Amino acid sequence: MKNYLNSLFNKASTSLDYLKEINFTFDVPKQESHGDLSVNAAMLLTKKLRKNPRQIAEEIISNLQIDDAIISKVEIAGPGFINFFFTPSFVARIIKVVIAEDKYFGKSKKYEGKKANVEFVSANPTGPLTVGHGRNAVVGDTIANMLEWVGYEVDREYYFNNAGRQMRVLGDSVRLRYLQTLGREIEFPGDYYQGEYIKEIADGLKVEYGEKLVDEPAEGIFKQRAESVIFDDIKQSLGRLKIKHKIFFNENSLYEEGKIEELLKLFQEKNLSYEKDGAVWMKFLELGSEQDKVIVKSSGEPTYRLPDIAYHREKLNRGYDLLIDLLGSDHISTYPDVLAGVKALGYDSEKIKVLIHQFVTIVDQGEIVKMSTRKANFITLDQLVDEAGADVVRYFFNMRNITTHMNFDLSLAKKQSDENPVFYLQYAHARICSILKMIEKEDLNVSTENLNLLTSDEELQLLRKIHLFKDEILYSTENFETHRICFYLEDLAASFHKFYTFCRILGTDRPLAEARVALASATKIILRNGLSILGVSAPERM
RNA sequence: GCCCCGGUAGCUCAGUAGGAUAGAGCGUCGGUUUCCUAAACCGUAGGUCGGAGGUUCGAAUCCUCUCCGGGGUACCA
């Protein structure tokens, strides 16, 4: 529909120059009585032309070469909107396209040939993934899916560090638990990792090695074992949510390959760093930050900024057109320095899109659960998937704008009831599958021969929603907003359920019945495609 | 102190580069099943869009100030 109007306005702009000067938009009116699409062009021109917007609207309309077979009515309304009403037969044509394109319907080629990298999760292997990581994981994977739908080739990447202080403490936590299982009287420090999983790892070592490890250092087998066990666990948790990273990037490799040294030298050459108080400082002040910051401590150890910049430099060097970093709001302070750093090196920092998601508050039985990995006071992602199921978990995290501090009501998520919108969508899909099974028995077909018979309000409303799918994906993707897909699909499902209630198939003349089956079939395709972007399954029956 | 995010119906949240009478789900109350899945549908009630100014044809949306909640502001990541 939008395409058609765009071409109409393009033609009109050859005689009306002022149309070229404004950025008008075609919008779907909130109210159906305002037509299928409306344009605000006339209002935008009031100042420039010093005319009443309604007069301008008249002039615009008289310059549009409208095909009556496509548009049934054009009206001027309100302060000067031009509303367009499309003919039912044009609206219904979309069904043919949907059925023909099937699992590709909704994809666009706008970004074909472009490469994107989505870095997400990136939790260090110090413990199981928590609910907070869950939001990051689900949204990151969904954004990657969306980018693929608009044409990008996408690499999913996980960045981790197995060499820092955190990991030393982790190794020592395992060592102490190991010694405790051997009966040693040892006090376990309060700031060590308290979780049960540490004891399990220690138990595993005891079973395997007995007492042979009593004199081993924390950084040896204890740390290694902890890392490998925990990482396997993390990957498995992600796998349950159908998330698989292509690249696992170890921060340590930046040191091993001399990238850190190289970067330090580069900063020095470009006069972007200096020494003070035994530390190396970066001139962030010159680069637009509030103050200079330390990049190498007086101990000789780099701060996180240096490897972070080196890492982003690596990714940029791989030739991506778009780099996405998905971070929790507790990491919000890291990215301005990274962007400033790579920009100072001459890279196009515009390619890096940093997305910050706000915290997840867990509410269980009306009580807020405070989370801390160290204190082991957390709900793991695994527990969540155990209790609510992967589909519900994915849907819940996707259905909220990442800027909101979302409440995750654990007791509600466990409930498999109609309070849960994911079932509403899945039910619509299952219903359609059931119809398609039924028509076989009734000797009916999916036919697009008589689509012009689809003229009822319910049919047209559903058809109009179908028209919006492709644009919705594109818009959601360009804004990195997964929740819009959820809202769209809920809207679509609602239109379908209404159609289902009012437009029967059995007992209807064959041509109309078959056209309705085709409409249901097209709806099924969109529900399935939309759910697949979210990573949620589309069951055949419920 | 300064920076970022949020404050919209009882609850959880939408609100598309400013647009028409501010919406949805759940919950409330009341209806619909001899008929393709009632995990559905229809109706009902519910609002000083945190507050105060400003910008203009028009503000939940933009600007200023302010209140409340969360996060950040390290030679921790």
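Residues numbered from 1 in each chain as written. Chains lettered and ligands numbered in written order. Predicted model: local features only at pLDDT ≥ 70, side-chain atom pairs only at ≥ 80, totals over all residues. Heavy atoms only, no water.

A.B. asks: Looking at this structure, I do not really get the sheet that holds strand β15 (residues 406-409). What am I missing?
C.D. replies: The strands making up a sheet associate through backbone hydrogen bonding, with each pair oriented either parallel or antiparallel. Overall, mixed pairing links the three strands, which are arranged β14-β13-β15 in an open sheet. Edge positions in the open sheet fall to β14 (367-369) and β15, since each of these has one partner strand only. For this sheet, the mean angle separating the axes of adjacent strands, direction not counted, is 40°. (Pairing = 2+ DSSP bridges. Helix = DSSP H or I, 4+ residues; strand = E, 2+ residues; numbered from the N terminus. Axes fitted to C-alpha atoms, helices over the stretch in contact; angles between N-to-C directions.)

A.B. asks: Would you explain the pattern of salt bridges in this entry?
C.D. replies: Proximity of charged atoms lets side chains of opposite charge pair with each other. Using the criterion set out here, one finds 28 salt bridges in the structure. With a closest N to O distance of 3.2 Å, R225 and E208 form a salt bridge. On the criterion of sequence distance, the pair formed by R225 in helix α11 (residues 218-240) and E208 in helix α10 (residues 196-209) is long-range, its members being 17 residues apart. The structure contains a network of salt bridges with shared partners spanning D141, E148, R156 and R394. (Salt bridge = Lys/Arg side-chain N within 4 Å of Asp/Glu carboxyl O.)

A.B. asks: Sorry, what's going on with the packing of aromatic side chains here?
C.D. replies: The description of an aromatic ring pair rests on the distance of the ring centres and on the angle between the ring planes. Counting across every chain of the model gives 23 aromatic pairs. Geometrically, the ring pair formed by Y159 and Y311 is stacked, given 3.8 Å between the ring centres and 10° between the ring planes. Residue Y159 is located in strand β6 (residues 153-160), and its partner Y311 is located in helix α14 (residues 305-317); the two are separated by 152 residues in the primary sequence. One exposure class covers both Y159 and Y311, and it is buried. K73 extends its terminal NZ or CZ atom over the ring of F85, reaching a point 4.4 Å from the ring centre. Across the ring face of Y500, the terminal group of R504 is positioned such that the distance to the ring centre comes to 5.9 Å. (Phe/Tyr/Trp six-rings, centres within 6.5 Å; stacked < 30°, edge-to-face > 60°. Buried < 20%, exposed > 50% of the residue type's maximum accessible area, 1.4 Å probe, protein only. Lys NZ or Arg CZ within 6 Å of the ring centre and 35° of its normal.)

A.B. asks: What should I look at first to understand the protein's contact with RNA strand B in this one?
C.D. replies: For RNA strand B, the set of nearby residues contains 62 residues, the closest of which are F81, K297, Y427, R431 and Y475. By atom count, sugar and phosphate contribute 63% of the portion of RNA strand B lying within 4 Å of the protein. For RNA strand B, a sugar or linking oxygen lies 3.4 Å from a polar atom in the side chain of S333. One of the side-chain N or O atoms of R400 is found 2.6 Å from a sugar or linking oxygen in RNA strand B. Among the elements of the structure, β4 (81-86), β15, α19 (421-441) and α21 (483-502) are those that each provide at least two residues to the surface near RNA strand B. Examining the composition of the surface near RNA strand B, we find that eight residues originate from one element, α21, more than from any other. Residues of the surface near RNA strand B, tallied by class, amount to 25 nonpolar, 22 polar and 15 charged. (Near = heavy atom within 4 Å. Polar contact = N/O pair within 3.5 Å; in protein donor to acceptor, adjacent residues only side chain to side chain. Nonpolar A, V, L, I, M, F, W, Y, C, P; charged D, E, K, R; others polar.)

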